[in-house]
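Close look at the chain arrangement
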Amino acid sequence: EAGVTQSPTHLIKTRGQQATLRCSPISGHTSVYWYQQALGLGLQFLLWYDEGEERNRGNFPPRFSGRQFPNYSSELNVNALELEDSALYLCASSLYTSGSGGEQYFGPGTRLTVT
Amino acid sequence: AQSVSQHNHHVILSEAASLELGCNYSYGGTVNLFWYVQYPGQHLQLLLKYFSGDPLVKGIKGFEAEFIKSKFSFNLRKPSVQWSDTAEYFCAVKGSSNTGKLIFGQGTTLQVKP
């Protein structure tokens, strides 16, 4: 069974540009999560999508946005890039379950570098 | 605010030594608890999880963890480490409210010397 896949592996952008990161969940998973792993800040929750809807977002500015497509794949968009947006962006997927269950499975990440 | 604290940032052990990595969380309700591992050059993998029931959970590769509710702890253990256990280990918590959010600790780098 294929795991979570992400593209591209690396992305280099200039300050002020926009970045688009993509994620395909494990087959059968309807929930997709995005996390940022910045140096010194650990893994921070960004966004949660399920059935095409944004269910929750972390403490990030609105220039971080995304969407989930009918096939459950997802896209993370970061507008007006700033130097501090340089980080590893991880996507995870899970089966949607009500309450607190549903372990998350992670992809390999996209390394975003803003110069 | 919810938080997870991993006490050991960098641990160095010799092969066959026993391992215990500490994890404490701050959350005032029912939690789900996880340990993830990231081997060099690989992505985060789920090592084990606790949802309910027996507080001693067993995971892959001989790892286990014990949930002690009174101490808000979920320490990871392995009786005898191998060189291949060299990796970064992350403790994570998800609260009972359905936010989807995993809160991660800062991670512990484990180096096992052959």
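Just so we're clear, the structure is a prediction, and the values are computed from it rather than from any experiment.

Residue and element names in this part refer to chain A. One can find D85 in the loop between β8 (74-78) and β9 (87-94). The class of D85 is buried, set by a relative accessible area of 2%. Polar side-chain contacts of D85 include one of 2.8 Å to the backbone nitrogen of E82. If sequence neighbours within four positions are ignored, D85 has contacts with Q36, R63, F64, V78, A80, L112 and V114.

Another aspect to go through is the sheet that holds strand β1 (residues 5-7) of chain A. All names here are of chain A. Spatially, four strands are ordered β1-β3-β8-β7 in an open sheet, and the strand pairing comes out antiparallel. In this open sheet, the two edge strands, each paired with only one partner strand, are β1 and β7 (64-68). Averaged over all neighbouring strand pairs, the angle between strand axes comes to 20 degrees, with direction disregarded. One ladder, built from five bridges, connects strand β3 (residues 19-24) with β8; its direction is antiparallel. Looking at the pairing, L21 lines up with L76 of β8.

The next subject is the state of the cysteines. Under the defined criterion, the tally for this structure stands at two disulfides over all chains. Disulfide pairing places C23(A) opposite C91(A) at an S-S distance of 1.8 Å. Torsion about the S-S bond of the C23(A) and C91(A) cystine: about -65 degrees, corresponding to left-handed handedness. Pair noted here: C23(A) is in strand β3 and C91(A) is in strand β9, with a separation of 68 residues, a long-range link. The buried category is assigned to C23(A), whose relative accessible area is 2%. A sulfur-sulfur distance of 1.9 Å marks the disulfide that ties C23(B) to C91(B). Handedness here is read from the sign of the S-S torsion; for C23(B) and C91(B), about -65 degrees, the answer is left-handed. Note that C23(B) is positioned in the loop between β3 (19-21) and β4 (24-26) and C91(B) in strand β10 (residues 87-95), a separation of 68 residues in sequence.

Quick notes on the rules
- Residues numbered from 1 in each chain as written.
- Chains lettered and ligands numbered in written order.
- Predicted model: local features only at pLDDT ≥ 70, side-chain atom pairs only at ≥ 80, totals over all residues.
- Heavy atoms only, no water.
- Helix = DSSP H or I, 4+ residues; strand = E, 2+ residues; numbered from the N terminus.
- Buried < 20%, exposed > 50% of the residue type's maximum accessible area, 1.4 Å probe, protein only.
- Polar contact = N/O pair within 3.5 Å; in protein donor to acceptor, adjacent residues only side chain to side chain.
- Contact = heavy atoms within 4.5 Å.
- Pairing = 2+ DSSP bridges.
- Axes fitted to C-alpha atoms, helices over the stretch in contact; angles between N-to-C directions.
- Disulfide = S-S within 2.5 Å.

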